[in-house]
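Coordinate inspection notes
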Amino acid sequence: EDQVTQSPEALRLQEGESSSLNCSYTVSGLRGLFWYRQDPGKGPEFLFTLYSAGEEKEKERLKATLTKKESFLHITAPKPEDSATYLCAVQSKDNYGQNFVFGPGTRLSVLP
Amino acid sequence: AAGVIQSPRHLIKEKRETATLKCYPIPRHDTVYWYQQGPGQDPQFLISFYEKMQSDKGSIPDRFSAQQFSDYHSELNMSSLELGDSALYFCASSSLGSRENAYNEQFFGPGTRLTVL
């Protein structure tokens, strides 16, 4: 059974204090790993797709990396507007079809 | 830019009633996904459609059904509602022209908040 875990569950940073969020996964036949940002009461907002180990993608203060077992979302010099829940999701495929599983998320708070 | 539209945004129903949620994907997107997100939980995949055909099925209860119409909008029909069905229901759409990659870069709508009393 595909599993996705994220750590930490919650993270509080001071503005400008860089850190990393972790997403660990156990899937059969990984087809892609996705990072989303979700604000309270709103739909997840797509950030990155990673397909293979060693791949990296950047967007503004965010950088996502992927290994065979986990992905990291690095946040450099965060600002209060980066406060949100960051969700990791994996896409896999088995004999029954495709599967798309979200992790529980990391709730990030950036204090001014 | 046009986004995914969901209606209604809020819905209140009694137990055992039925509900229909609607989703209008981004123009030219051919794939629609439905998710259920309970309070404080991560989104759970329910079902998806590609080119008006069901493509993948997740944890959708038998009481629920969905379809995608010729204009690519989708409806999620929920019957015999239970208290536990209270949640945010998100629709997402994507368009890569290939069923194999249909989960990539999903764009989510604002959600419908369903409350079952």
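Residues numbered from 1 in each chain as written. Chains lettered and ligands numbered in written order. Predicted model: local features only at pLDDT ≥ 70, side-chain atom pairs only at ≥ 80, totals over all residues. Heavy atoms only, no water.

**As for the interface of chain A and chain B**
- At the junction of the two partners, chain A supplies 20 residues and chain B supplies 19 residues.
- A combined buried area of about 1600 Å² lies between chain A and chain B, and 49% of that area is made up of carbon and sulfur atoms.
- On the surface where chain A and chain B come into contact, there are 0 salt bridges.
- Joining chain A to chain B, the criterion identifies 1 residue pair in polar contact (both at pLDDT 80 or more).
- Among the elements of the structure, β4 (30–38), β5 (45–50), β9 (84–94) and β10 (97–102) of chain A are those that each provide at least two residues to the side of chain A that touches chain B. (Contact = heavy atoms within 4.5 Å. Buried area = accessible area lost by both parts, 1.4 Å probe. Salt bridge = Lys/Arg side-chain N within 4 Å of Asp/Glu carboxyl O. Polar contact = N/O pair within 3.5 Å; in protein donor to acceptor, adjacent residues only side chain to side chain. Helix = DSSP H or I, 4+ residues; strand = E, 2+ residues; numbered from the N terminus.)

**Observations regarding the sheet that holds strand β8 (residues 74–78) of chain B**
Residue and element names in this part refer to chain B.
- The antiparallel open sheet is built from 4 strands, whose spatial order is β1-β3-β8-β7. On the outer flanks of this sheet lie β1 (5–7) and β7 (64–68), each paired with one strand and no other. In this sheet, adjacent strand axes meet at a mean angle of 15° when their direction is disregarded.
- Sheet topology note: the β1/strand β3 (residues 19–24) ladder contains 3 bridges and is antiparallel. Paired with serine 7 across the two strands is lysine 22, which belongs to β3. (Pairing = 2+ DSSP bridges. Axes fitted to C-alpha atoms, helices over the stretch in contact; angles between N-to-C directions.)

**Description of the state of the cysteines**
Residue and element names in this part refer to chain B.
- In the structure shown here, the tally under the stated rule is 2 disulfides over all chains.
- Covalently, cysteine 23 is tied to cysteine 91 through a disulfide, its sulfur atoms 1.7 Å apart. The S-S bond linking cysteine 23 to cysteine 91 shows a torsion near -50°; that makes this disulfide left-handed. Residue cysteine 23 is located in strand β3, and its partner cysteine 91 is located in strand β9 (residues 87–94); the two are separated by 68 residues in the primary sequence. Residues cysteine 23 and cysteine 91 agree in their burial class; the two are buried. (Disulfide = S-S within 2.5 Å. Buried < 20%, exposed > 50% of the residue type's maximum accessible area, 1.4 Å probe, protein only.)

**Digging into the confidence of the model for chain B**
- Summary statistics for chain B give a mean pLDDT of 89 and a share of 91% for residues scoring 70 or more.
- In the model of chain B, strand β6 (residues 53–57) of chain B stands out as the element of lowest mean pLDDT, 86, in contrast to β3 of chain B, which has the highest, 98. (pLDDT = per-residue confidence, 0-100.)

**Topic: the sheet that holds strand β6 (residues 56–59) of chain A**
Residue and element names in this part refer to chain A.
- On the basis of which strands lie adjacent, the open sheet formed by 5 strands has the order β1-β3-β8-β7-β6 and antiparallel pairing. Each of the sheet's edge strands pairs with one partner strand only, and the pair in question is β1 (3–7) and β6. Pairwise comparison of adjacent strand axes, ignoring direction, gives a mean angle of 15° for this sheet.
- Summarising the sheet, strand β7 (residues 62–66) and strand β8 (residues 70–75) pair through 5 bridges and their orientation is antiparallel. Counted as the bridge partner of threonine 65 is phenylalanine 72 from β8.

**Digging into the pairing of β8 of chain A**
Residue and element names in this part refer to chain A.
- Alternating residues of β8 divide into Ser71, Leu73 and Ile75, all buried, and Glu70, Phe72 and His74, none buried.
- Two elements, strand β3 (residues 19–26) and β8, share 6 bridges in a ladder whose sense is antiparallel. Opposite leucine 21, over in β8, you have leucine 73 as the bridge partner.

**With respect to the side chain of glutamine 6 of chain A**
All names here are of chain A.
- Looking at the element boundaries, glutamine 6 is found in strand β1.
- The exposure class of glutamine 6 is buried, given its relative accessible area of 10%.
- Here the side chain of glutamine 6 touches tyrosine 86 through a polar contact of 2.9 Å, landing on its backbone oxygen.
- Side-chain polar atoms of glutamine 6 contact the backbone nitrogen of glycine 105, separated by 2.9 Å.
- Look past the residues within four positions of glutamine 6 in its chain and what remains in contact with it is Asn22, Cys23, Trp35, Tyr86, Leu87, Cys88, Gly103, Pro104, Gly105 and Thr106.

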